[in-house]
Amino acid sequence: MCDQTFVAITFGPCDRCEKNFPLMSIYIQGEAATYCSFCVDTMACEGLTKGETLVTLKNESDSLKKKLEEERNKLHDIELHKVAEKVEVLGALPIKTRRVLKGHSNKVLCMDWCKDKRRLVSSSQDGKVIVWDAFTLNKEHGVTMPCTWVMACAYAPSGCAIACGGLDNKCCVFPLSLDKNENLAAKKKNVAMHTNYLSACSFTNSDMQILTSSGDGTCALWDVESSQLLQSFHGHTADVLSLHLAPSETGNTFVSGGCDKKCNVWDMRSGQNVQSFETHDSDVNCVRYYPSGDAFASASDDATCRLYDLRADREVAIYQKDSIIFGATSVDFSQSGRLLFAGYNDYTVNAWDVLKGTRVSILFGHENRISSLKVSPDGTAFCSASWDNTLRIWA
Amino acid sequence: MTTTMTSNSNLSNMRRLVEQLKLEASVDRIKVSQAAAELQQYCLQNAGKDALLVGMPTGLGSNPFREPRSCHVL
């Protein structure tokens, strides 16, 4: 059972009335300000006296949306696959299952690689989180969470800790040690608290900060040591299902995808939603940055994966086939960005040619839907986690 | 998000949406042809290092997952 928990709210003097109330931080013409909810509503009413009504605002937002579409379309001079026509067609890929990791007793919901390219952590519906050595198939650590449906897990960049969470609405961090007789559960540290299930978590470049996304529609950045909320990201109007941090060279941004069919790109320092893309027809299950950081791909229940370019600010490719009718649950790029591996609810993994938009191969092997898929840090293999209780390493 | 929608909240939400759209409209954009060319260039530049793409030869030292293991039943 989960406790009734609330997102940590800042409490303090309001910028306008200077009384102590719980504060909301909002942006007015690009400037951040913190007001109490009374003042926000009062200011909204003042707008009414200036002749603004819900109807005029709706009209303004509709015309702005149209203008945004026009601006984006003006730069749409050619399709990606046309630009890539001269590129060689890819031959058959020599990829097959090399390892099957058995050990979970129920659906495997999430997995993450360690930076050492051989260890990985996986979490399952049975409440267990296991750290594996993918070369030898050894299970190195195991911990049982008090809740079932551990939907998110992540490996720290140093390889010394793992984070996980799910229906308990929290994200907790477990430091790993070399001692085989350790009791991992005793060292558990609760870091994040949301008001709904945790859908994804990821360490930033260090072990000290964790980014989480939740069914409550928000993403949040936490300090691991003090469990303090450093920044929260509001903008999605439904559950946020996935997030991915930009590759480090390109700065402090991350992308998130949710049940509102939108993919949003956020600035981690200001909490601002800098770009938003809404072209999917259904929930966005997974988002992943392209290795150069200039684009990202998304997988959705509408059975398509799409590539969005951040500098052109639009969708540049759709990966779909009439024969694919099941939703895509996870995507990842190969190291050069030429291949996009996508796991689907029809138990297969499809490998797409990113530039040409064609499917290169279908990989069979799992006996139930794929829940998570990640390429290893050095690009030599990728791992898929499935509801058939196993993980498979493909290379 | 579960907030009770009063007409005032609706107004402030709409205001926020309009501000957000204005922000998004002011983003600097480049042409798709240029963006696509750069994506293609990145792919081709790094294709040689991509183990899953080129299929590195099996054998010791190249791809540890493809190495034949001692107790591996084919």
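From a predicted model like this one, the values you see are computed outputs, not experimental measurements. (Residues numbered from 1 in each chain as written. Chains lettered and ligands numbered in written order. Predicted model: local features only at pLDDT ≥ 70, side-chain atom pairs only at ≥ 80, totals over all residues. Heavy atoms only, no water.)

**Quick notes on the sheet that holds strand 6 (residues 119-124) of chain A**
All names here are of chain A. Keep this limit in mind: We treat two strands as partners when DSSP finds at least two bridges between them. Secondary structure is summarised from DSSP: a helix means a run of H or I of at least four residues, a strand means a run of E of at least two, and numbering begins at the N terminus for each. Angles shown run from 0 to 180 degrees and are taken between the N-to-C directions of axes, each axis being a line fitted to C-alpha atoms and, for helices, limited to the stretch in contact.
Reading across the sheet, the 4 strands line up as 5-6-7-8 and stay open at both edges, with antiparallel pairing between neighbours. Only two strands of the sheet have a single neighbouring strand rather than two, namely strand 5 (108-113) and strand 8 (138-144). The average angle at which neighbouring strand axes cross in this sheet is 20°, direction not considered. Relative to strand 8, strand 7 (residues 128-133) is paired through 6 bridges, and the arrangement is antiparallel. Across the sheet, residue Lys 128 finds its bridge partner in strand 8, namely Thr 144.

**Here we look at the nonpolar core**
The cut-off we apply is this: Within this scheme, the nonpolar core is defined by two criteria: the residues are buried Ala, Val, Leu, Ile, Met, Phe, Trp, Tyr or Cys, and they are joined through side-chain atoms within 4.5 Å. A 1.4 Å probe rolled over the protein chains alone gives each residue an accessible area, and that area as a share of the maximum for its type sets the label: buried under 20%, exposed over 50%, partly exposed in between.
In terms of nonpolar packing, the biggest core is built from 30 residues, with A:Cys305, A:Leu307, A:Tyr319 and A:Leu340 touching the most fellow members. Those elements that provide at least two residues to this core are strand 22 (295-300), strand 23 (305-309), strand 24 (314-319), strand 25 (328-333) and strand 26 (339-344) of chain A together with helix 2 (32-46) of chain B.

**Looking at the sheet that holds strand 28 (residues 359-363) of chain A**
Residue and element names in this part refer to chain A. Read across the open sheet, the 4 strands follow the order 25-26-27-28; overall the sheet is antiparallel. Single-partner strands in this sheet number two, and they are strand 25 and strand 28. Within this sheet the neighbouring strands show an average axis-to-axis angle of 20°, counted without direction. Pairing of strand 27 (residues 349-353) with strand 28, which is carried by 4 bridges, proceeds in the antiparallel orientation. Looking at strand 28, one finds that Val 349 is bridged to Leu 363.

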